[in-house]
Structure formats: structure tokens, C-alpha cells
Amino acid sequence: MINTNTPMGYHIGCATNTNDRFRASSGGVGTSIIRYLLSLPDYGTSITFTFDVTSCMYVPKLIYSEDDINICGSIYQDIDLIKFVKENIQHIQGGMVITCAPCQVVGIRQLLNRNNIKNFILSFCCSGQTTIEGTWQYYHFLGIKKDDIINMQYRGNGWPSGIQIWLKNGNKIYHDNYTEPWRTIHLSGLYRPKRCYYCKYDTGRNADITMADPWLDKYKNEKLGKTLFLVNTEKGQCIFEALSQLNLIESHPSDYNTYAIAPKA
Ligand SMILES: Cc1cc2nc3c(=O)[nH]c(=O)nc-3n(C[C@H](O)[C@H](O)[C@H](O)COP(=O)(O)OP(=O)(O)OC[C@H]3O[C@@H](n4cnc5c(N)ncnc54)[C@H](O)[C@@H]3O)c2cc1C
Ligand code: SF4
């Protein structure tokens, strides 16, 4: 059921699997939900993202088992997931659990519904995407050649973490989240997809569950991460309760006022 009104609940919590929590973007709630749904007979397919060395960018990939989830944090690279789902619709087995940007939720939901594919959609509070050229410009500013990169992450591996780049020569480069030169690249708007300029969907309220970082004083010393999340639909509520009962996530209630100030852009 699509719900554009008030969320059914605001929560702050994390995965009880500390490895997932560490590797995830915030508290690993997104990964826990995907893991759990893929373990159910109703959901056979999800999407993960892997770093492709040849093209030097993240590419989406259909997966059919929780063992194939590549936990790599939030990806600040614009990826056309509606197109990807459309082109791969015949490869979807059973129901699908997918994470996508708020502006992609309705399109993906309609596509899956029209093809009678059961779906559970996660989204996130979105401060705007960056085209791949923005990341390539970032490497350029740092004096790194694309050919020398074997992997990178924008987030994950602790909280709030930052950009991590692994080079062929064994060196690793690390820059805290939202520091230079990424900050300038983001703020310049030069690498922002046009649609982000008139976006009205940045809270992802049409998804079953929406996730965000709790950028609050209370969590400033947090090292593993917590996820602030909104349960938007009855389906979302059901899954949230199941995960809590199975002790796959732990959480406490939050509220609108906290949500209104926490996910700083
Ligand atoms: C582009 C972008 C901008 C964001 N901006 C904000 C913000 O301004 N404020 C804020 O509070 N939070 C923002 N978030 C959300 C936040 O970074 C975390 O994703 C969220 O808190 C969930 O954390 P988690 O540890 O529970 O999720 P995880 O357990 O890490 O799971 C997240 C899931 O999202 C998937 N994912 C990652 N990147 C993408 C992507 N680009 N498209 C589709 N799926 C993806 C992963 O594959 C994974 O399955 C943003 C996320 C993204 C991707
Ligand atoms: S800011 Fe809006 S249009 Fe841009 S990626 Fe996020 S949800 Fe989509």
C-alpha cells in the first residue's frame, strides 16, 4: 500500500549483527531488512551494487541470496534503477526487495506491481545525487588516475566514515564524510542531476521504510552507527515488528521533531 501521509512510526536503531552494522552506511537496518526478506520464501530477489574496475563506477546487480549482498554503504553515484529493473524484469524470481532513491520509488513500485511482482521498497532521506563524472572529478582533484583504482566506497566501515579508495599499489586513501574536495563538488551543483534541482521527493515517504543518518549531538561519539528510520506502510510495520521480535534489529521510538532536524543535507 502506498502511503503519502504521516508515517506509522519513527525509530532509531541498528542491526544486532555488529559486522553488518560496521560495514553498512549508518546502523545497518537496511541490510538487516534485505537479509531477512531474502530468507523468506516470498522474496527471492534483491539488488546489490559492486564496484566495476573497468568502468571505474558502481553497477547494480540482481542477487538471489543474502550471501551475495555487497555491504558497501551509501553510494553517491546516480544510477538509473528504474531502467535496470525494467531491463531485468524477466530475471526477477519471486518477490523483490529493493533500495532506491525517493524519486525512483513510485516508478519501481508501478513496474513491479504491473508485472505482479511482490515488492518491498526501502528508500532514504536524499540530499541529492552526484553523476559519476563528479566522482571522477574527485579523483582528478586528488591526483589519482582511474586506472589505478581497484575499489572505492563513499561510506561504510564505521560511522560516519567517509570516502575510501583502494589503489592497485596497495595504498588506501581516506577522507572524512563531506570534507574537501567532495564538499565543493557537491555544493557546486555541477555534477547534480537536473531532476535534483526540483525534487519534491527527498523523504522517500512512498517507500515501505525510509532510512536516514541521525546527525544529532547525542550520536556524535557513535562509532558503529545508528539508523533513523520511518515506517511508512502496514507492510513496513509488519517487517519492522518481525525483525524486532527476532532480535535482528534493536531500536527505540523516535518522533517527527527529531526526524525534522536529524538528516542534515
Ligand atoms: C545518495 C544518498 C544520499 C543520502 N543523503 C542523506 C542525507 O542527506 N541525510 C541522511 O540522513 N541520510 C542520507 N542518506 C541515507 C544514509 O546515508 C543511509 O543510507 C541510511 O541511513 C541507511 O543506513 P543503513 O546503515 O541502515 O543502510 P545499509 O544497511 O547500509 O543499507 C543501505 C542500502 O542502500 C543501498 N544503497 C546505497 N546507495 C544506494 C543508491 N545510490 N541507490 C540505491 N540503493 C543504494 C545499499 O545497497 C543497501 O542495500 C543518503 C543515502 C544516499 C544513497
Ligand atoms: S534529490 Fe530527489 S531527484 Fe535527486 S536523487 Fe534524491 S530523490 Fe532523486
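Residues numbered from 1 in each chain as written. Chains lettered and ligands numbered in written order. Predicted model: local features only at pLDDT ≥ 70, side-chain atom pairs only at ≥ 80, totals over all residues. Heavy atoms only, no water.

So, the packing of helix H2 (residues 29-38) against helix H7 (residues 234-245)
No. 1: The N-to-C vectors of H2 and H7 enclose an angle of 90°; their axes lie 11 Å apart at closest approach. The pairing of H2 with H7 is recorded here as roughly perpendicular in orientation. Taken together, the residues of H7 that come into contact with H2 (itself represented by Ser32, Ile33, Tyr36 and Leu37) are Ile239, Ala242 and Leu243.
No. 2: In the contact of H2 with H7, the residues fall into six nonpolar, one polar and no charged. (Axes fitted to C-alpha atoms, helices over the stretch in contact; angles between N-to-C directions. Helix = DSSP H or I, 4+ residues; strand = E, 2+ residues; numbered from the N terminus. Parallel < 35°, antiparallel > 145°, perpendicular 65-115°, else oblique. Contact = heavy atoms within 4.5 Å. Nonpolar A, V, L, I, M, F, W, Y, C, P; charged D, E, K, R; others polar.)

Side note on the site of ligand 2
No. 1: Within the structure, ligand 2 sits among Pro102, Cys103, Cys126, Gly128, Gln129, Arg195, Cys196 and Cys199.
No. 2: A class-by-class count of the residues in the shell around ligand 2 yields five nonpolar, two polar and one charged. (Near = heavy atom within 4 Å.)

Quick look at helix H5 (residues 132-142)
No. 1: Those residues of H5 not exposed but buried are Ile132, Gly134, Thr135, Gln137, Tyr138 and Tyr139.
No. 2: Buried residues along H5 sit in contact with strand S3 (57-63), strand S6 (149-153), strand S7 (162-167), strand S8 (172-176) and helix H6 (182-188).
No. 3: Trailing H5 by a residue or two, Gly143 shows a phi angle of about 75°, which is positive. (Buried < 20%, exposed > 50% of the residue type's maximum accessible area, 1.4 Å probe, protein only.)

A few points about the sheet that holds strand S1 (residues 9-15)
No. 1: Taken in spatial order, the eight strands of this open sheet run S3-S2-S4-S5-S9-S10-S1-S11, and their pairing is mixed. Either end of the sheet is taken by a strand with one partner, and the two such strands are S3 and strand S11 (249-253). The sheet shows a mean angle of 25° between the axes of neighbouring strands, direction not considered.
No. 2: In the sheet, strand S4 (residues 95-99) pairs with strand S5 (residues 119-124) via four bridges, with the strands oriented parallel. Paired with Met96 across the two strands is Asn119, which belongs to S5. (Pairing = 2+ DSSP bridges.)

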